[in-house]
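Structural characterization, general
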Amino acid sequence: MQTYEDNEPIVRIRDYKPDRVDFVLENVDLAFANSFRRVVQADIPTIAVDMVEVEANTTVLPDEFIAHRIGMVPLVSANCDEGIRYTRDCLCLSGCQYCSIELRLDVSCNDNRTMDVTSNHLEVIPPTYTDGETPGDELTKRGEDFGQPVGKNKADVPPVLICKIRKGQELKLRCVAKKGIAKEHAKWSPCSAVAFEYDPYNKLRHTTYWHETDPRTEWPVGENAKEEEAPRDDEVFDFNAKPRKFYFDVETDGSLGPQEVIMKGLAELQTKLANLILGLKEGVDLPTGGDAAEAGVNGHVSAGGWAPQAGGGGWGQNAASGAGYASPAGGGGWSTSGGSGGWGTTSPAQNTGGNTGAWTTSPAQNAGGAPNTTWGTSPAQAWGASSPNAGSGSGWGTSTQQGWGSPTQQASGWNL
Amino acid sequence: MAETSPKIKIMAGAAPDLSAATFQIFDESHTIGNALRWMIMKNPKVEFCGYSVPHPSENLIQLRIQMYDGLSSLNALLEALTNLDAVCETVEHKYHASLATNDYERWEERS
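Just so it is clear, the structure is predicted and the values come from calculations on it, not from any experiment.

1. Here we look at unusual backbone geometry
With a phi angle near 60 degrees, A:Asn27 is a residue other than glycine that sits in the positive phi range. You can see A:Asn27 is positioned in the loop between strand 2 (20–26) and helix 1 (30–42). Overall, the presence of 20 C-beta atoms within 10 Å leaves A:Asn27 in the buried class. Positive phi is not limited to glycine here, since B:Asp27 has a value of about 60 degrees. With respect to the helices and strands, B:Asp27 occurs in the loop between strand 2 (20–26) and helix 1 (30–41).

2. Observations regarding the UniProt feature "domain: DNA-directed RNA polymerase RBP11-like dimerisation" (unreviewed entry) in chain B
UniProt tags residues 20–93 of chain B as "domain: DNA-directed RNA polymerase RBP11-like dimerisation" (unreviewed entry). As annotated, residues 20–93 of chain B has a helix share of 45% and a strand share of 30%, and its two end C-alpha atoms lie 36 Å apart.

3. Topic: the pairing of strand 10 (residues 245–252) of chain A
Residue and element names in this part refer to chain A. Of all eight residues that make up strand 10, six are buried, and the element is covered over most of its length. In the sheet, strand 2 pairs with strand 10 via seven bridges, with the strands oriented antiparallel. Looking at the pairing, phenylalanine 23 lines up with phenylalanine 248 of strand 10. Two strands pair when backbone bridges link them, and strand 9 (residues 191–198) and strand 10 are joined in this way by seven bridges, in the antiparallel orientation. In the sheet register, tyrosine 198 faces strand 10, and the bridge partner there is phenylalanine 246.

4. Things to note about the packing of helix 1 of chain B against helix 2 (residues 73–101) of chain B
Residues and elements named next belong to chain B. Where helix 1 meets helix 2, the closest approach of the two axes is 9 Å, and the angle between their N-to-C directions is 110 degrees. Of the possible angle classes, the one that applies to helix 1 and helix 2 is roughly perpendicular. The chirality of how helix 1 crosses helix 2 is right-handed. Judged by residue contacts, Ala35, Leu36, Met39 and Ile40 of helix 1 engage Ala76, Leu77, Ala80, Asn83 and Leu84 from helix 2. Taken together, the residues of the contact of helix 1 with helix 2 break down into eight nonpolar, one polar and no charged.

The rules behind these values
Residues numbered from 1 in each chain as written. Chains lettered and ligands numbered in written order. Predicted model: local features only at pLDDT ≥ 70, side-chain atom pairs only at ≥ 80, totals over all residues. Helix = DSSP H or I, 4+ residues; strand = E, 2+ residues; numbered from the N terminus. Buried ≥ 20, exposed ≤ 12 C-beta atoms within 10 Å, placed from the backbone. UniProt positions renumbered as here; feature names shortened; annotations may be inferred. Pairing = 2+ DSSP bridges. Axes fitted to C-alpha atoms, helices over the stretch in contact; angles between N-to-C directions. Parallel < 35°, antiparallel > 145°, perpendicular 65-115°, else oblique. Left-handed = near helix turned anticlockwise from the far one by under 90°. Contact = placed C-beta atoms within 7 Å. Nonpolar A, V, L, I, M, F, W, Y, C, P; charged D, E, K, R; others polar.

Here you go:
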């Protein structure tokens, strides 16, 4: 049966405007579509005012009220991946030109009428360099209006109102904008709204509509329903059906363009996956402790293969083994389709009493031997009986000399 | 770098051959958890996969994988990660393709 899962994902952009992109994503699972939505909403870095020093505030609004309002003003953050650092990653103590942007606001009203203090009054203070110093890497990657309030002094973009003041009132403050993500505070979200819909007719019954008499008349279907076939009156409920068409409308607040938001979103998702792969490469810690029986079972595991503390041949982690995780050289990487049994490289089966013959005869474990792709497939060899000799380095150190032709491999820590 | 906390670890009680294991993944949430669970479940060699966020104020997820035939769950996890990465890549390509084919209003995006 041909299911949607056999097809490639489809992206169809329906509308593309300076501040939004409307597209349909097909042939992916709900889980992926939702991950994408979450990442776009909460994990893309932008800059926003994070600290406000109030010098003078004689307006009717209290300081913290104004500070909060200023924090919500969207600032142009295009290319802020490269243009600015997180303060936590910066060498400075609490903010410098590489990890923050300073804005000032100084307004007082001298007329006999109410005056609006808006985001147009926020002035970016350009970074200053001492003589002879060249602007650092970050600074050259910033766009011209990096850090400016979105749409500043543009006639077609109404500014953000911060406060209203009357004659004799004054507002003077210094703001420090920093990079952050919306998981920490929503002001760092590049999106003002992300519309996400699937199954407009509720054929899958993922929701139930509250109704008085008839849900069909009381709940009109949306625009997206035009993309799908209306259910027939006699249609039976298909409980195996899965959502396959997702309607997105990503609307940004102007700090990033929609194109950048989509691309950064996908990149961010990939970064998360890459981090996990990296974490796996570096080695997974096996739990310590546990009951005695379990320790007995696991004992040989930690003595051998992949537990990093075991030293010899922790997969990928043992640089000395000369066989990284992805290296085809064999000898210890667990994805090395080459022999030596991946994880099992230093595993107890080999440890058993240093009996060279025992494991060199086994093709799967020969150094660089048969392409034993899945290292976990041969538990008998990889995880064989935990031998009391496992600890005796010399015991199997000699065996390596015989069994493993390569000197690098024997130097690699079998003797550890 | 000195002592950094691991990104992922295997919890106590894993089968010795790792055919069944619970992975604890730090600093991740439903964003990765659900998509990863789905991708792992697509693997026919996987008997069971589930994830949970044990507590909302702890920034970690737990991912349980059980394999058929004593296969390694770590293998399945890695495979799923690469596949999910490929999905992202494909969506990106398709997005660019869709953008290129249709005629939309153009403007300069500063980036």
